[in-house]
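Residues per chain are reported as follows:
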Amino acid sequence: MKKLTMILLSCTLILSGCWDTREFKEVKMGISAAYDLTEDGVYTNTILIPNVQNSAQGPGQESTQFLTATGNTPSEARTNIDRRLSSTYSPTQLDVVLFGDKLARQDIYPYVDAFYRDPRMHLDVVPVVVKGNAEQALKVVPKSETRPSEYIEGIVESEVETTNTLETSLQAIGSELYEEGEDFSLPLLQVGDGGKTVSYEGLALFHKSSYTGKDIPFEHTTLFLLMKKVKGKVARITTKIFDGKKPKPDNYTTINIVDFSSKIKSKPDKQNKVRTDITLNLTVMIQEYPQDHLALKDLPEVKKNLEQALTDQANETIKIIQDANSDVFGIGRSIYGHYPSHWEKLDWEKDFKEIKIVPHVTVNIRSRGIFR
């Protein structure tokens, strides 16, 4: 009798299913969403829903549907979208969320709060900032794209692989949203070519949960990420190492980073102020050297000029970060963890802009090219 009771109980548990189970036929899955503020400060939510039509001759044909609604909260906007759908709209399968810069400057937290509260939401969704209107970026569908729903996601993934942005998600930035002492950056996109394409522009710097309006430009993102100990499959940097040579390209070189190491060390100095040293060691191959006569005797000068150019670039990036009051290196969290008594004396909102951050870049040239 006990065995029969246990078997029946087990069957009941197995067949009961999950508490939050919903049939696919009951739900419209949104793959991408855009959040904006109108000129009147009204919240707007636009979603992209891909529809695949079956075909007897081969693979199904994908079409896209865009729906826009306003509301006082994201939930209210979703409800207003539902009113125009035959099935309930669910943001649980979102891949990318785009924030218009006007909304992002105010605060993105109210618009991501539901992702952290609702267990049906997945936190792998990639947050992105768009210069101007996010809805406009969402609706860009180039004719060359076979899967329009993957266009924005593909741009971000490509920049991750080439070390121009870091792999991020709502889960990855969760601790920075809730805790003091570290900020974050998000990929920055912009609509171009008369509304026909979307381009990656750099990294949007945040302070707490608000976009600062300041960015790390595309030309500086690779070096910044290497300083943060992040590298994709490929990392290339083009920089100016000479002045006054003609033709103009002779002043530049492109390096491919083969290997690297980075160390960020923060501590109070003798004046009891915070000092941070960022030590970056790069092993590189010369990928482009337009002068085309890079002899062994030239290497010491090229190495010296490269180190100076990259150090200057690092200092420019650090200035942007401090002007934005965006502690993307997590210096405050490091001080809090290693020097708690000193942290108590700091007003990080004001002090971060004044601390000393010193980059140290060294370059080891492994190869000058295939024929050299």
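Here, the structure is the one placed above.
Keep in mind that this is a model prediction, so the values were computed, not measured. (Residues numbered from 1 in each chain as written. Predicted model: local features only at pLDDT ≥ 70, side-chain atom pairs only at ≥ 80, totals over all residues. Heavy atoms only, no water.)

**So, the pairing of strand 11 (residues 236-240)**
Here's step 1: The two faces of strand 11 differ: Ile237 and Thr239 on one face are buried, but Arg236, Thr238 and Lys240 on the other face are not.
Here's step 2: Sheet topology places strand 11 next to strand 12 (residues 252-268); five bridges connect them, and they run antiparallel. In the strand pairing of strand 12, Thr239 is matched with Thr253. (Buried < 20%, exposed > 50% of the residue type's maximum accessible area, 1.4 Å probe, protein only. Helix = DSSP H or I, 4+ residues; strand = E, 2+ residues; numbered from the N terminus. Pairing = 2+ DSSP bridges.)

**Some words on a positive patch on the surface**
Here's step 1: Taken together, the side chains of Lys229, Lys263, Lys265 and Lys267 make up a positively charged region of the molecular surface.
Here's step 2: Looking at the element boundaries, Lys229 is found in the loop between helix 8 (218-227) and strand 11. (Patch = residues over 30% accessible without salt bridge, like charges linked within 9 Å, V, L, I, M, F, W, Y side chains within 5 Å. Areas by Shrake-Rupley, 256 points an atom, 1.4 Å probe, with all protein chains shown as cover. Salt bridge = Lys/Arg side-chain N within 4 Å of Asp/Glu carboxyl O. Lys, Arg positive; Asp, Glu negative; His and termini not counted. Charge placed at Lys NZ, Arg CZ, Asp CG, Glu CD.)

**Considering the environment of Lys267**
Here's step 1: Residue placement: Lys267 occurs in strand 12.
Here's step 2: A C-alpha to C-alpha distance of 9.0 Å links Lys267 and Asp277, two positions 10 residues apart in sequence.
Here's step 3: If we ignore the near neighbours within four places in the chain, the residues touching Lys267 are Lys273, Val274, Arg275, Ile335 and Tyr339. (Contact = heavy atoms within 4.5 Å.)

**Details of the pattern of salt bridges**
Here's step 1: For the structure shown, the criterion picks out 11 salt bridges.
Here's step 2: With a shortest N-O distance of 3.2 Å, Glu182 and Arg333 are connected by a salt bridge. Note that Glu182 is positioned in the loop between helix 7 (174-178) and strand 8 (185-192) and Arg333 in helix 10 (residues 331-338), a separation of 151 residues in sequence.
Here's step 3: Classification of Glu182 by relative accessible area gives buried; the value is 16%.
Here's step 4: A salt bridge links Lys208 to Glu349, with the shortest nitrogen-to-oxygen separation between them at 3.4 Å. Linking Lys208 in the loop between strand 9 (197-207) and strand 10 (210-217) with Glu349 in helix 12 (residues 348-351), this pair joins segments that are 141 residues apart in sequence.

**A look at the side chain of Thr254**
Here's step 1: Secondary-structure assignment places Thr254 in strand 12.
Here's step 2: Excluding residues within four positions of it along the chain, Thr254 makes contact with Ile237, Thr238, Met285, Ile286, Gln287 and Glu288.

**Observations regarding the packing of helix 8 against helix 9 (residues 299-323)**
Here's step 1: Their axes nearest at 10 Å, the elements helix 8 and helix 9 cross at an angle of 90°. With respect to each other, helix 8 and helix 9 are oriented roughly perpendicular. Seen from helix 8, the contacting residues are Glu219, His220, Leu223, Phe224 and Met227; seen from helix 9, they are Leu310, Gln313, Ala314, Glu316, Thr317 and Ile321.
Here's step 2: Classifying every residue of the contact of helix 8 with helix 9 gives six nonpolar, three polar and two charged. (Axes fitted to C-alpha atoms, helices over the stretch in contact; angles between N-to-C directions. Parallel < 35°, antiparallel > 145°, perpendicular 65-115°, else oblique. Nonpolar A, V, L, I, M, F, W, Y, C, P; charged D, E, K, R; others polar.)

**Details of unusual backbone geometry**
Residues other than glycine predominantly adopt negative phi, and peptide bonds predominantly adopt the trans conformation.
Here's step 1: The phi dihedral of Thr163 is positive, around 60°, even though this residue is not glycine.
Here's step 2: Along the chain, the position of Thr163 falls in the loop between helix 6 (151-161) and helix 7.
Here's step 3: Non-glycine residue Lys229 carries a positive phi angle of around 70°.

**Section: the sheet that holds strand 14 (residues 356-367)**
Here's step 1: Pairing is mixed across the open sheet formed by four strands, whose spatial order is 11-12-13-14. Of all the strands in the sheet, the pair left with one neighbour each is strand 11 and strand 14. Pairs of neighbouring strands in the sheet enclose a mean axial angle of 40°, with direction left out of account.
Here's step 2: Bridge count between strand 13 (residues 274-288) and strand 14: 11 bridges; the pairing is parallel. Residue pairing for strand 14: Ile278 is matched across the bridge by Pro359.

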